[in-house]
Amino acid sequence: MSHNTLGNYYQVIFSLAQHHHYSIADIENLYPFERDIYVDMLTDYLKKLEDERAGLA
Amino acid sequence: MKLPKIDHPIYDVTIPSIKKKVKIRPMLVKEEKILLMAKEGSNPYEIFQAIKQVVNNCIITGDFDSNKLTLFDLEYMFLRIRSVSIGNIVKVSYRDEDGKDYPFDIDLEKIEVKFPENQELLIKTGETSGFKMKYPLATIYSTEAFTSGTATEQELIDELILNSIDDYFDGENVWRLAQQPRNEIKEFIDGLDIATYNKIREFVAALPSLYYEVKYTNSNGKEQLIKLTTLTDFFIL
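Each value, and the rule that gives it
Residues numbered from 1 in each chain as written. Chains lettered and ligands numbered in written order. Predicted model: local features only at pLDDT ≥ 70, side-chain atom pairs only at ≥ 80, totals over all residues. Heavy atoms only, no water. Helix = DSSP H or I, 4+ residues; strand = E, 2+ residues; numbered from the N terminus. Contact = heavy atoms within 4.5 Å. Areas by Shrake-Rupley, 256 points an atom, 1.4 Å probe, with all protein chains shown as cover. Lys, Arg positive; Asp, Glu negative; His and termini not counted. Charge placed at Lys NZ, Arg CZ, Asp CG, Glu CD. Pairing = 2+ DSSP bridges. Expected span 1.5 Å × (residues − 1). Buried < 20%, exposed > 50% of the residue type's maximum accessible area, 1.4 Å probe, protein only. 1 Å grid on protein atoms, 1.4 Å probe; cavity = no way out; pocket = protein on both sides within 12 Å on 5 of 7 lines; lining within 4 Å. Points joined across faces, edges and corners; volume = space filled by probe spheres on them. Nonpolar A, V, L, I, M, F, W, Y, C, P; charged D, E, K, R; others polar. Axes fitted to C-alpha atoms, helices over the stretch in contact; angles between N-to-C directions. Parallel < 35°, antiparallel > 145°, perpendicular 65-115°, else oblique. Left-handed = near helix turned anticlockwise from the far one by under 90°. Buried area = accessible area lost by both parts, 1.4 Å probe. Salt bridge = Lys/Arg side-chain N within 4 Å of Asp/Glu carboxyl O. Polar contact = N/O pair within 3.5 Å; in protein donor to acceptor, adjacent residues only side chain to side chain.

Student: When you look at the overall build of chain B in this model, what are you seeing that I'm missing?
Tutor: Tallying secondary structure elements over chain B gives eight helices and eleven strands in all. Referenced to the eigenvectors of the C-alpha coordinate spread, the extents of chain B come out at roughly 65 × 55 × 35 Å. Long-range contacts, defined as pairs at least 24 residues apart, comprise 60% of the intrachain contacts of chain B with a sequence gap of at least 6. Looking at chain B as shown, the accessible area adds up to about 13,600 Å², and 50% of this sits on carbon and sulfur atoms. If you average the places of the 30 positive and of the 38 negative side-chain charges in chain B, the two averages end up 7 Å apart.

This is how it looks when you write it as C-alpha cells:
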C-alpha cells in the first residue's frame, strides 16, 4: 500500500467533500483507481480554469 | 432462485495451492481505508487481519472461505485484488551498496507463486508408513505463538510443523492429525527419529512463496539481483 497514506486519504476526501461537494459515502464506494482518475480530472479542470483566468487578467 | 445483481467488475483468479478458480471484485475506497489504518498502526497482526478482511470481502465466489487459504495464497490473492483496484504497477526503489537509489516498476500481474523444486507432499518413514503433508493455513499467523512476539524460533517451527501435517499413515491405518489432541501430536512428533524430523523441518523451511526478480547493473558495473518473496518486500521497499 505504498501508493497512499492515511493522512493523504483523509486529505483527499476532505478536499473533495468540502470544496467540490462530493459526498463522503459516494467517494468511499468508488474503487481507488476511480477516485484517482476523478482527482486527476479535477486537478486538470482546476488548472484549466486557472490558466483561463490568468489569460483574462 | 433470483439471479444475483452484478454491480462490480469481476475477474477470475486461480488460487495457487489448489488451482481452483474464484471470482474477485476490486476493493472499494472504504476497504483501502481498512488497510491504511492497519498500516499506520505498524502492528503485523493488525496488518494481517486487514489483508484477510479485504481478501474475504473481495472474493465473491459464494462458497469460498478465506480461512482456508495458505499464507502464499492469501498474499497472492491480495496482490491480484490490489492490482485490479489501484493499478498493477508498483513503484519501488532500492538503495544499492554503492549508496545510490535505483527505482523500479514492479508489474504485480507478473508475480507468481514459486513452489520449491522436487518438494513432495509425502514423507515416507517406512515401506508403508509416512506423513501426508499440507501447506499451513494463513490463520496460523494469527495464533498466539505468532502474534505474542515472545515465542522462540524453535516454538514457531514446532507450530508450523504441527499445522503442516495432514495425516500419518501406517499400512491401511490413517490418523488424521487435526482430529488428535494437540499434546498427543506434539508427543508423537517429539518421538520421531532425527532423519524423519529433519525431512519435516525441511518441508516447513521451504514453503512456497511469492516470487519476483529485479535485475540491474549498479554504478560499479556489478550485476545485481533482488528477489522479492513476501508482501512486505513489495510494499515497503
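The structure having been displayed, the exposition proceeds.
Student: Explanation requested: the pairing of strand 1 (residues 11-15) of chain B in the structure shown.
Tutor: Residues in a regular strand point their side chains to alternate faces of the sheet. Of the strand pairs in this sheet, strand 1 of chain B and strand 2 (residues 20-24) of chain B are connected by five bridges, and their pairing is antiparallel. Across the sheet, the residue bridging to threonine 14 of chain B is lysine 21 of chain B, located in strand 2 of chain B.

Student: Explain helix 3 (residues 71-85) of chain B to me, please; I cannot follow it from the model alone.
Tutor: Residues separated by three or four positions in an α-helix point in the same direction, a consequence of the helix having 3.6 residues per turn. Residue and element names in this part refer to chain B. Its 15 residues give helix 3 an end-to-end C-alpha distance of 21 Å, which sits within 8% of 21 Å, the value for a rise of 1.5 Å per residue. The buried fraction of helix 3 amounts to 14 of the 15 residues, a majority that puts the element mostly inside the structure. Glycine 87 occupies a position one or two residues after helix 3 and carries a positive phi of about 150 degrees.

Student: Looking at this structure, I do not really get the pairing of strand 7 (residues 129-133) of chain B. What am I missing?
Tutor: Residues and elements named next belong to chain B. Counted residue by residue, strand 7 has four buried out of five residues, so it is predominantly covered. Bridge count for strand 6 (residues 122-124) against strand 7 is three bridges, and the pairing is antiparallel. Counterpart to leucine 122 in the pairing with strand 7 is lysine 132. In textbook terms, the turn of a hairpin is the stretch between consecutive antiparallel strands, and for strand 6 and strand 7 this stretch comprises four residues. Sheet topology places strand 7 next to strand 8 (residues 165-170); five bridges connect them, and they run antiparallel. Along strand 8, the bridge assignment pairs lysine 132 with aspartate 167.

Student: Even after reading the chapter, I still don't get empty space enclosed by the protein, so can you show me in this structure?
Tutor: Which parts of space are left empty comes out when a probe the size of a water molecule is rolled across the atoms. All names here are of chain B. By the definition in use, this model includes one cavity of 30 Å³ or more. The volume enclosed by the largest cavity comes to roughly 40 Å³. Every residue along the wall of the largest cavity is listed here: Asp158, Ile161, Leu162, Lys186, Ile189 and Asp190. By residue class, the composition of the lining of the largest cavity is three nonpolar, no polar and three charged.

Student: How should I be thinking about the packing of helix 1 (residues 6-20) of chain A against helix 3 (residues 32-56) of chain A in this particular structure?
Tutor: To characterise two packed helices, one gives the angle between the axes of the helices and the distance between these axes. All names here are of chain A. With their axes 12 Å apart at the nearest point, helix 1 and helix 3 run at an angle of 55 degrees to one another. Classed by the angle they form, the pair helix 1 and helix 3 counts as oblique. Relative to helix 3, the crossing made by helix 1 is left-handed. Here helix 1 contributes Tyr9, Val12, Leu16 and His20 to the contact with helix 3, which in turn contributes Arg35, Val39, Leu42 and Leu46.

Student: Explanation requested: the interface of chain B and chain A in the structure shown.
Tutor: It is common to report an interface's size as the accessible area lost on association of the parts. Between chain B and chain A, the residue contacts involve 23 residues of the former and 17 residues of the latter. Both faces combined, the contact of chain B with chain A buries some 1,900 Å², and carbon together with sulfur accounts for 61% of it. Our count for the contact surface shared by chain B and chain A stands at two salt bridges. Its salt-bridge partner being glutamate 28 of chain A, residue lysine 33 of chain B comes within 2.9 Å of it at the nearest N-O pair. Counting across the interface, chain B meets chain A through eleven residue pairs in polar contact (both at pLDDT 80 or more). Broken down by element, the side of chain B that touches chain A gets its largest block of residues, nine residues, from helix 1 (residues 29-41) of chain B. Considered class by class, the residues forming the side of chain B that touches chain A number 13 nonpolar, two polar and eight charged.

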